[in-house]
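Overview (structure and organization)
So the chains spell out like this:
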Amino acid sequence: MSTCHHRLAITYPFRFVLILILAGTLGASLAARADATSDAHIIDNTVPKLSFSQTQSRTATDIAKKLATYHYNEISIDNEFSSQFFDAYIKRLDPARLFFLKSDIDDFEVYRFTLDDSIKKGDLSSGLTIFNRYQKRVIDRLNKTLRNLTDDLAKINFTLDESVELNRENAEHPKDDKEADNLWRRRIKGNALSLKLAGKDLADIEKVLRKRYLNQLSRVKQTNNEDAFEIFINSYTQLYDPHTTYLSPRTSENFNINMKLSLEGIGAVLQQEDEYTKVVRLIAAGPADKQGELKPADRITGVGQGIDGEIVDVVGWRLDEVVDQIRGKKGSTVRLAVIPAGSDSTEEHKIITIVRNRVKLEEQSAKKKVIEFTRHDQLLKIGVISLPTFYIDFDAVRKGDPNYKSTTRDVKKLITELQKDNVDGILIDLRDNGGGSLEEAAKLTGLFIKSGPAVQIRNVNGRIEHYPNTQGNIFYSGPLAVLINRMSASASEIFAGAIQDYQRGIVIGSQSFGKGTVQLLTRLRQGQLKLTQSKFYRVSGESTQHRGVIPDIEFPPIYDKEIVGESSLDNALEWDQILPARHHAYYQMDSIIPKLINQHNERIKTDPDFIYLQDQLEVVNTNRNKKFLSLSEAKRIKEKDDTDKQALALLNKRRLAKGLTPFKTLKESEDEKKRLSDIGEEEPDPYLLESGQILL
């Protein structure tokens, strides 16, 4: 997750994200404040007036100059850009269009084509005017909601056939207070229904919602000019690309601690998405990754300390405050209430218990295993090398330790051991590998090819550097396959792309993340600027940016690429091409891939696991098109029952095809999964097994 120069590391996507791998104390003060505010009877109507300092004005001007000079993407700062800046700022403040009225937007239109000039001149008054109006709208709305909450909840009728829009990103702003009141009435009704379906009575529902809105009100009132400046400036910087980010002094401090790799916590990368804290990815071999239940795109709604501590509702909290609640000392326990990825209703949640721990380098190291197959009465073996990250022990290297750990060194040892086991081929498993050391990605490529670059790098000046491997001969020349998925990013994409371009092996799985840019950190008068300065290109000349690596043989994806991956981010740099580097093909893979695809398709036609995966993918695609959520209790119960029945039917379809007894309930399935986990028994990995079949 470092933002060092590309010779050292490749950054993983960073868009308002914090890594929960820090040593630190729990946010006890936040919990105490939540308890205190929940009992408040007097609602404070005062609206804090913020102002920007001269230092911030100069910082804004400095940022504009640095972006114009050093950013990879050359952008014309004109009226069109200013209009995009205006829309991005409004969206960042009010993404669900819940607070601003149409009249507010009309008032702000006078700034649409002048915001860009304001940044360049250091005149931030227009941005401040918009922000202060936003503060007033939020405080007024939360106060009104709190005043009327008891009466509004008492009047709710869950038998009416009403609905609430799931995604209001492109909805109209309410035209007046009456329309805004109706929007919030349905919003509160939706929250209340979700809590009711989760088993809470009216008194508990009011308690939860009152505490939630009081906490949000408290946070809004604590917003300072540093927070406002960060929001305003990042609406500007992230028009260049989603990884170009201004880090305020507080955010910068957290980021710098992350770079020191104090790997203690749960090991998860989080970002803010509307009022929720969303999981971006898990740190390989971290506590959350090992525990196995937390997944990318899950939304965290509550955090509890210890085995039985109260789960504090964190909906609407700032990201750094949620982080303070989740991180903690090694050996302590945290419980997370989460809405699973892909769920459209907020009552569908689960509690995940994670013991905080330190992520050790050796636990992130490459590991091997052998899987056996029988073909035509012959026993065949495939060696699998799982690589969770591209690592190197820089401290050991600096100290001159000749036995320092690195990806390439460890993989060489494992290949040697697998060859002694007489494996018939080797599969490199890069699933969920978010990247790491570029140098190691290049060196690893050099174990499988004789010479030639692993990647091309083009900088802001257009200069192209060929990053070579350092090997003089091929260490392993046998059959090779690489397995990737949507969470394979950066260095993983460079390695997989090189193996594919040299036609040295076959790439299998699902489309990778598409992170093909390099960021650098630069200091400012106040805070730091992380900006994109270079772009990666494969030896074929194709960039890994946006498109990622497309496998030769594709599997059903387990991550929804509409919400996970570079292409899902606003203003992501586009895919493009440069001239290919000189390279040659080791095998004529193109001539055999059609045959391999046909054989693969024939196998999975009757494979219960792949049929199940395809069925799940169809469900995801159907749910993605859902635009409204019913506010009728009867309809929601039926929808939940139908969803559960569908999930159970798909599970049992697979079990019956395998000759297993079908489950009676979904709980039986969860209990069985837990039982297998407790005894250390893993379910067969269909992706790994089919990849072995393809390689054979």
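Residues numbered from 1 in each chain as written. Predicted model: local features only at pLDDT ≥ 70, side-chain atom pairs only at ≥ 80, totals over all residues. Heavy atoms only, no water.

A complete count under the given rule lists 41 salt bridges for this structure. The closest approach of N and O atoms between Lys-658 and Asp-609, which form a salt bridge, is 3.0 Å. One end of the pair, Lys-658, is in the loop between helix H19 (633-657) and helix H20 (666-678); the other, Asp-609, is in helix H18 (residues 608-624), and 49 residues separate them in sequence. Notably, a salt bridge pairs Glu-672 with Arg-675, separated by 2.9 Å at the nearest N-O pair. Taken together, the residues Glu-672 and Arg-675, both in helix H20 and three residues apart, mark about one turn of the helix. Overall, the relative accessible area of 24% leaves Glu-672 in the partly exposed class. Since its relative accessible area comes to 41%, Arg-675 is described here as partly exposed. One continuous salt-bridge network, built from bridges that share partners, spans Asp-104, Asp-107, Arg-133 and Arg-137. (Salt bridge = Lys/Arg side-chain N within 4 Å of Asp/Glu carboxyl O. Helix = DSSP H or I, 4+ residues; strand = E, 2+ residues; numbered from the N terminus. Buried < 20%, exposed > 50% of the residue type's maximum accessible area, 1.4 Å probe, protein only.)

Our focus in this paragraph is the environment of Gly-434. For Gly-434, the location among the structural elements is in the loop between strand E14 (425-429) and helix H15 (438-445). Here the alpha-carbon distance between Gly-434 and Arg-486, two residues 52 residues apart in the chain, equals 9.6 Å.

Now for the packing of helix H2 (residues 54-70) against helix H9 (residues 225-237). Axis separation between H2 and H9 bottoms out at 11 Å; the angle between their running directions is 20°. Accordingly, the angle class assigned to the pair H2 and H9 is roughly parallel. Remark: the crossing between H2 and H9 carries right-handed chirality. The residues of H9 that touch H2, namely those facing Gln-56, Thr-59, Ala-60, Ile-63, Ala-64 and Leu-67, are Asn-225, Glu-226, Phe-229, Ile-233, Tyr-236 and Thr-237. (Axes fitted to C-alpha atoms, helices over the stretch in contact; angles between N-to-C directions. Parallel < 35°, antiparallel > 145°, perpendicular 65-115°, else oblique. Left-handed = near helix turned anticlockwise from the far one by under 90°. Contact = heavy atoms within 4.5 Å.)

Another aspect to go through is the nonpolar core. Residues Leu-209 and Phe-232 are the most contacted members of the largest nonpolar core, which totals 56 residues. No other element matches the 10 residues that helix H6 (residues 125-155) contributes to this core. If sequence neighbours within four positions are ignored, Leu-209 has contacts with Leu-149, Leu-153, Ile-188, Asn-191, Ala-192 and Leu-195. Membership of the second largest hydrophobic core comes to 36 residues, among which are Ile-385, Val-482, Ile-494 and Val-549. (Core = buried A, V, L, I, M, F, W, Y, C linked by side-chain atoms within 4.5 Å.)

Honestly, that's just the spatial picture; any functional story needs more than this.
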